[in-house]
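The primary structure of each chain is shown beneath.
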Amino acid sequence: MPPVLTERLIVRRMSPGDLDDFLAYQTHPEVMRYQPYEPATPERAARFLAKMAVAAEPGDEGAYLAFAVEHRGEDRMIGEVSIEVFPKAQSRGGLGWSFHPDYHGRGYALEAARVLLEHGFGHLGLRRLTTFCDVRNVASWRLMERLGMRREGHTRQSMLLRGEWQDEYHYALLQGEWLAQQSGGTAH
């Protein structure tokens, strides 16, 4: 995906030069609270950024792509959005996002996630996009609902996270529903 400019953001490929900004949120306790992985180390982060800088667009077997979200006014990475595309025959993918807490509550995640919906449904032609979060992560599930996604499930004690069982909400959006949102109509 080439860089996409929104009103306040640039959603672009990650680069090795994003390391300090990436580590600032990928090690932040508030961000890591609901993540199913450990905080990034500088070495792991550098490898991840290098891989995402050159990652290929999804093919028949799918792909995982994470994109930097850069604040246009500050010329710095403030978070990321990601899309995991499953094998082409399944025509579906999963979404994700993480942002530095200094940028929470301002609509940046919504603005960037809409770019991913356009990429997944419009460019890649996917039929279904899904995502999930810890039920306690109110900001995340509210974002899913602002994106027009529907809650499809509530799984209890579905993942052991730092010694505590996590309940999750699962959300989805179909391409037809997204297209109806774009035209102001309703999906059938």
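Above: the structure in question.
None of the values given here were measured: they were computed from a predicted structure.

Trainee: Sorry, what's going on with the sheet that holds strand S6 (residues 128-134) here?
Mentor: Pairing between sheet strands relies on hydrogen bonds along the backbone, with the strands arranged either parallel or antiparallel. Reading across the sheet, the eight strands line up as S1-S2-S3-S4-S5-S6-S8-S7 and stay open at both edges, with mixed pairing between neighbours. Each having just a single partner strand, strand S1 (4-5) and strand S7 (150-161) make up the two edges of the open sheet. Two elements, strand S2 (residues 9-13) and strand S3 (residues 63-71), share five bridges in a ladder whose sense is antiparallel. Looking at the pairing, Val-11 lines up with Val-69 of S3. Against the sheet, helix H3 (residues 42-54) makes contact with S2 and S3, and its axis sits at roughly 100 degrees relative to S3, the strand it touches most. Across the sheet, helix H6 (residues 175-183) touches S7 and strand S8 (164-174), and the angle it forms with S8 is around 65 degrees.

Trainee: Looking at this structure, I do not really get helix H5 (residues 138-146). What am I missing?
Mentor: Quick reminder: α-helices carry 3.6 residues per turn. Residues three or four places apart thus point the same way. Within the span of H5, buried status applies to Ser-140, Trp-141, Leu-143 and Met-144. An end-on view of H5 places all buried positions within 150 degrees of arc, on one side of the element. The inward-facing, buried residues of H5 abut strand S5 (92-99), helix H4 (108-123), S6, S7 and S8. At the C-terminal side of H5, Gly-148 shows a positive phi close to 90 degrees.

Trainee: How should H4 be read in this particular structure?
Mentor: Helix length check: H4, at 16 residues, gives a terminal C-alpha distance of 22 Å against a target of 22 Å (1.5 Å per residue), a fit within 8%. Of all the 16 residues making up H4, twelve are buried; the element is thus mostly covered by neighbouring parts of the structure. Considered for burial, the residues of H4 that qualify are Tyr-108, Ala-109, Leu-110, Glu-111, Ala-112, Ala-113, Val-115, Leu-116, Leu-117, His-119, Gly-120 and Phe-121.

Trainee: Can you walk me through the packing of helix H1 (residues 19-26) against H3 in this structure?
Mentor: In helix packing, the relevant descriptors are the interaxial angle and the interaxial distance, both defined with respect to the helix axes. Two elements in contact, H1 and H3, have axes separated by 10 Å at closest approach and are oriented at 120 degrees. When the interaxial angle is binned, H1 and H3 end up oblique. Relative to H3, the crossing made by H1 is right-handed. Between H1 and H3, the contacting residues are Leu-19, Phe-22 and Leu-23 on the first element and Pro-42, Ala-45, Ala-46, Phe-48 and Leu-49 on the second. Of the residues assigned to the contact of H1 with H3, the class counts are eight nonpolar, no polar and no charged.

Trainee: I tried to follow the pairing of S2 on my own but got confused; where do I start?
Mentor: A regular strand carries its side chains on alternate faces of the sheet. Burial within S2 is extensive, with four of its five residues counted as buried. When S1 meets S2, the two strands line up antiparallel, connected through two bridges. For Leu-5, the partnering residue across the bridge sits in S2 and is Ile-10. Linkage of S1 to S2, two consecutive antiparallel strands, is achieved through a turn of three residues.

Trainee: Any chance you could explain the pattern of salt bridges here in plain terms?
Mentor: It is possible for side chains bearing opposite charge to pair when their charged atoms get close. For the coordinates displayed, the defined rule picks out twelve salt bridges. Residues Glu-152 and Arg-128 are paired through a salt bridge, measuring 2.5 Å at the closest nitrogen-oxygen approach. Taken together, the residues span a long stretch of sequence, with Glu-152 in strand S7 and Arg-128 in strand S6 at a distance of 24 residues. Assessed through its relative accessible area of 40%, Glu-152 is described here as partly exposed.

Trainee: Any chance you could explain the packing of aromatic side chains here in plain terms?
Mentor: Applying the stated criterion across every chain, the model contains five aromatic pairs. The interplanar angle of 35 degrees and the centroid separation of 5.5 Å between the aromatic rings of Phe-121 and Trp-178 together place this pair among those described as tilted. One end of the pair, Phe-121, is in helix H4; the other, Trp-178, is in helix H6, and 57 residues separate them in sequence. It is Arg-92 that lies over the ring of Phe-86; its NZ or CZ is 4.3 Å from the centre.

Trainee: Would you take a moment to explain the pairing of S3 for this structure?
Mentor: For S3, the tally of buried residues reaches eight of nine residues, placing the bulk of the element in the interior. Two elements, S3 and strand S4 (residues 76-85), share nine bridges in a ladder whose sense is antiparallel. Directly across from Ala-68, in S4, lies its bridge partner Glu-80. Linking two consecutive strands that pair antiparallel, namely S3 and S4, is a turn of four residues; a positive phi of about 55 degrees is found at Asp-75 within it.

Reading guide: rules and limits
- Residues numbered from 1 in each chain as written.
- Predicted model: local features only at pLDDT ≥ 70, side-chain atom pairs only at ≥ 80, totals over all residues.
- Heavy atoms only, no water.
- Pairing = 2+ DSSP bridges.
- Helix = DSSP H or I, 4+ residues; strand = E, 2+ residues; numbered from the N terminus.
- Contact = heavy atoms within 4.5 Å.
- Axes fitted to C-alpha atoms, helices over the stretch in contact; angles between N-to-C directions.
- Buried < 20%, exposed > 50% of the residue type's maximum accessible area, 1.4 Å probe, protein only.
- Arc of directions from axis to C-beta.
- Expected span 1.5 Å × (residues − 1).
- Parallel < 35°, antiparallel > 145°, perpendicular 65-115°, else oblique.
- Left-handed = near helix turned anticlockwise from the far one by under 90°.
- Nonpolar A, V, L, I, M, F, W, Y, C, P; charged D, E, K, R; others polar.
- Salt bridge = Lys/Arg side-chain N within 4 Å of Asp/Glu carboxyl O.
- Phe/Tyr/Trp six-rings, centres within 6.5 Å; stacked < 30°, edge-to-face > 60°.
- Lys NZ or Arg CZ within 6 Å of the ring centre and 35° of its normal.

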